[in-house]
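One-letter residues, chain by chain:
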Amino acid sequence: MKLYGSTRSPFVRKVVVAAHELDLFGRMSFEPVVVSSTSVSPEVAALNPLGHIPTLQLDDGTVIHDSLVICEYLDALVGGGRLFPAAGAARWDALTRHALGNGLLEALVKLFTERRRTDPLQPLYVEVIQGKFFRSLPMFDQQCRSRPEGRFDIGDIVTAGALAYADFRFPALEWRKDYPDVARFYDEVAARPSMRAVKLEGESASPLPG
């Protein structure tokens, strides 16, 4: 399998964390590519018309894209149920937590993209994005308080990923001081080998460590 992506993409990192958790990363080759809101990798666009990363190409040539779809495919490869509960309330809870964390990630990535524009940021745009972040924290706090001991699923991966991206791109947000339970959750998850295996870094794509 080939995973096309960038070490600065939190959505690629989500897939890499899932692959490590499922002991599948050793079966992948990582193909570093550079994409942005104004540039497309021809290599990726030939596989995925949207030009988005992550994009996964299987050994038989089949292409799977979108980070959630790739993660669930990987979970299914090892029998399913490890990162995606199979059915019932647990599944809807995991997917809903994923939706919140992933939506927040998308908003933060848009904010970072806007911040790099040469013309001034629209204050209202910044206010709206930051509002999404700070409104999400009380829900993250509630989720952390009710989190079953030992649980680690796709919702936890993306929640921790959103917090990591906030630290990476927007350290001035200083979210920890008002949400110590969320901070404890993040520190616990960040210590997992899968989370330590790849860090958000740099301004361009680079190879991942083995």
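Right, let's walk through the structure included here. (Residues numbered from 1 in each chain as written. Predicted model: local features only at pLDDT ≥ 70, side-chain atom pairs only at ≥ 80, totals over all residues. Heavy atoms only, no water.)

### Comments concerning the nonpolar core
- Core analysis: the largest hydrophobic core is formed by 62 residues, its most contacted members being M28, L56, L74, F133, L163 and W175.
- Elements with a minimum of two residues in this core: β1 (2-5), α1 (10-21), α3 (67-77), α4 (88-115), α5 (123-145), α6 (154-169) and α7 (180-190).
- By residue number, the principal contributor to this core is α6, which donates 9 residues.
- Not counting residues within four places of it along the chain, the set of residues in contact with L163 comprises L137, F140, W175, V182, F185 and Y186. (Core = buried A, V, L, I, M, F, W, Y, C linked by side-chain atoms within 4.5 Å. Buried < 20%, exposed > 50% of the residue type's maximum accessible area, 1.4 Å probe, protein only. Helix = DSSP H or I, 4+ residues; strand = E, 2+ residues; numbered from the N terminus. Contact = heavy atoms within 4.5 Å.)

### Some points on the packing of α4 against α5
- In the contact formed by α4 and α5, the axes pass within 10 Å of each other and the chain directions differ by 155°. The angle between α4 and α5 falls in the class roughly antiparallel. Crossing geometry of α4 relative to α5 is assigned as left-handed. Side by side, α4 and α5 meet where R97, L100, G101, L104, A107, L108, K110, L111 and E114 of the first sit next to Y125, V126, I129, K132, F133, S136, M139, F140 and Q143 of the second.
- Among the residues making up the contact of α4 with α5, the classes are represented as 11 nonpolar, 3 polar and 4 charged. (Axes fitted to C-alpha atoms, helices over the stretch in contact; angles between N-to-C directions. Parallel < 35°, antiparallel > 145°, perpendicular 65-115°, else oblique. Left-handed = near helix turned anticlockwise from the far one by under 90°. Nonpolar A, V, L, I, M, F, W, Y, C, P; charged D, E, K, R; others polar.)

### Re the pattern of salt bridges
- Inspection of the entire model under this criterion finds 15 salt bridges.
- The partner of R145 in a salt bridge is D141, with the nearest N and O atoms 2.9 Å apart. Placement of both R145 and D141 in helix α5 is noted, with a separation of 4 residues, approximately one turn of the helix.
- Exposure remark for R145: the relative accessible area of 61% places this residue in the exposed category.
- The exposure class of D141 is buried, given its relative accessible area of 12%.
- The residue D156 makes a salt bridge to R151 at a minimum N-O spacing of 2.9 Å. (Salt bridge = Lys/Arg side-chain N within 4 Å of Asp/Glu carboxyl O.)

### Some details on the sheet that holds strand β4 (residues 63-65)
- Read from one edge to the other, the open sheet built from 4 strands follows the order β2-β1-β3-β4, with strand pairing classed as mixed. Sheet topology places β2 (29-32) and β4 at the edges, where each strand pairs with a single neighbour. Here the strands of the sheet are splayed against their neighbours by 20° on average, with no regard to which way each runs.
- Pairing of strand β3 (residues 55-57) with β4, which is carried by 3 bridges, proceeds in the antiparallel orientation. Bridge assignment links L56 to a residue of β4, and that residue is I64.
- The sheet strands contacting α3 are β3 and β4, and the helix crosses β4 at an angle near 120°. (Pairing = 2+ DSSP bridges.)

### Considerations on the packing of α4 against α6
- Packing of α4 against α6 leaves a shortest axis separation of 7 Å and a crossing angle of 20°. The angle between α4 and α6 places the two elements in the roughly parallel class. The way α4 lies across α6 gives a crossing that is left-handed. From α4, A94, R97, H98, G101, N102, L104, L105, L108, V109, F112 and R115 reach across to α6, where they touch I154, G155, D156, V158, T159, G161, A162, Y165, A166 and R169.
- When the residues that make up the contact of α4 with α6 are grouped by side-chain class, the tally is 11 nonpolar, 6 polar and 4 charged.

### Side note on the packing of aromatic side chains
- Evaluated as defined, the whole model comprises 3 aromatic pairs.
- Measuring from ring centre to ring centre gives 6.3 Å for Y165 and F168, while their planes differ by 65°; the resulting arrangement is edge-to-face. Taken together, the positions of Y165 and F168, both in helix α6 and 3 residues apart, correspond to about one turn of that helix.
- By relative accessible area, F168 is classed as partly exposed at 26%.
- Note on W175 and Y186: the rings are 6.2 Å apart at their centroids and 90° apart in plane angle, and the pair reads as edge-to-face. Separated by 11 residues along the polypeptide, W175 in the loop between α6 and α7 and Y186 in helix α7 bring together distant segments of the chain. Residue W175 shares its accessibility class with Y186, and that shared class is buried.
- Sitting above the plane of the F112 ring, R169 keeps its charged end 3.8 Å from the centroid. (Phe/Tyr/Trp six-rings, centres within 6.5 Å; stacked < 30°, edge-to-face > 60°. Lys NZ or Arg CZ within 6 Å of the ring centre and 35° of its normal.)

### A few points about unusual backbone geometry
- Following I53, the chain continues into P54 via a peptide bond in cis, with omega recorded as 5°.
- Despite not being glycine, D23 shows a phi value in the positive range, around 55°.
- Within the secondary structure, D23 is located in the loop between α1 and β2.
- Take D23: its relative accessible area is 65%, and that puts it in the exposed class.
- A positive phi angle, close to 85°, is found at D66, a residue other than glycine.
- Mapped onto the elements of the fold, D66 is located in the loop between β4 and α3.
- Overall, the relative accessible area of 43% leaves D66 in the partly exposed class.

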